[in-house]
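If you want the building blocks of each chain, they are given just below.
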Amino acid sequence: MYDSQPQSRTSPAHGSPDPEPPAHRRSPRLRWAAALYLVAFALAVTWPGALLINRVHPLILGLPFNMVWILLWVMGGGVVLYLVDRVEHP
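Analysis parameters
- Residues numbered from 1 in each chain as written.
- Predicted model: local features only at pLDDT ≥ 70, side-chain atom pairs only at ≥ 80, totals over all residues.
- Heavy atoms only, no water.
- Axes fitted to C-alpha atoms, helices over the stretch in contact; angles between N-to-C directions.
- Helix = DSSP H or I, 4+ residues; strand = E, 2+ residues; numbered from the N terminus.
- Parallel < 35°, antiparallel > 145°, perpendicular 65-115°, else oblique.
- Left-handed = near helix turned anticlockwise from the far one by under 90°.
- Nonpolar A, V, L, I, M, F, W, Y, C, P; charged D, E, K, R; others polar.
- Phe/Tyr/Trp six-rings, centres within 6.5 Å; stacked < 30°, edge-to-face > 60°.
- Expected span 1.5 Å × (residues − 1).
- Buried < 20%, exposed > 50% of the residue type's maximum accessible area, 1.4 Å probe, protein only.
- Arc of directions from axis to C-beta.

Q: Give me the lowdown on the packing of helix 1 (residues 28-45) against helix 3 (residues 65-88), citing residues and values where you can.
A: Across the interface, helix 1 lies against helix 3 with an axial gap of 10 Å and an inter-helix angle of 165°. Here helix 1 is positioned roughly antiparallel relative to helix 3, judged by the angle of their axes. Seen along the crossing, helix 1 lies across helix 3 with a hand that is left-handed. Looking at side-chain class alone, the contact of helix 1 with helix 3 contains 18 nonpolar, two polar and two charged residues.

Structure, rendered in structure tokens:
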């Protein structure tokens, strides 16, 4: 179950901290892409992006277009964060 004692980052055999993850697991390019997506997300669902799509019609699955627009950006943000987590922490 849950261990109440915090995990140490030292290796029991050597007493030194664990080495950093391999370089192929740290992806600054992916981090920059995720940051760019999140900035675009913020602009797309607030001013000025919301002004471009601020209309009710067409209705998509009974929702106004601007609600679907925001929903798609939020779901995309979840996918981006999931992908970053999977690459950074396998």
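Right, picking up where we left off after that structure.
Q: I'd like to hear about the packing of aromatic side chains, residue by residue, with values.
A: Taken as a whole and assessed by the stated rule, the structure comprises four aromatic pairs. Where Phe-65 meets Trp-69, the ring centres are 6.5 Å apart and the plane angle is 35°; that geometry is what we call tilted. One end of the pair is Phe-65 and the other is Trp-69, both in helix 3 and four residues apart, which spans about a single turn. Members of the aromatic cluster, joined through ring pairs, are Tyr-37, Phe-41, Phe-65, Trp-69 and Trp-73.

Q: Run through helix 1, naming residues and quoting values.
A: Spacing of three or four residues puts side chains on the same side of an α-helix, whose turn is 3.6 residues. If you check helix 1, its first and last C-alpha atoms are 26 Å apart, about what 18 residues at 1.5 Å a residue would give, namely 26 Å. Among the residues of helix 1, Ala-34, Tyr-37 and Ala-44 are the ones counted as buried. The buried side chains of helix 1 occupy one side of the element, clustering within an arc of 90° when seen end-on. Within helix 1, the exposed residues directed more than 90 degrees away from the buried face are Pro-28, Trp-32 and Leu-36.

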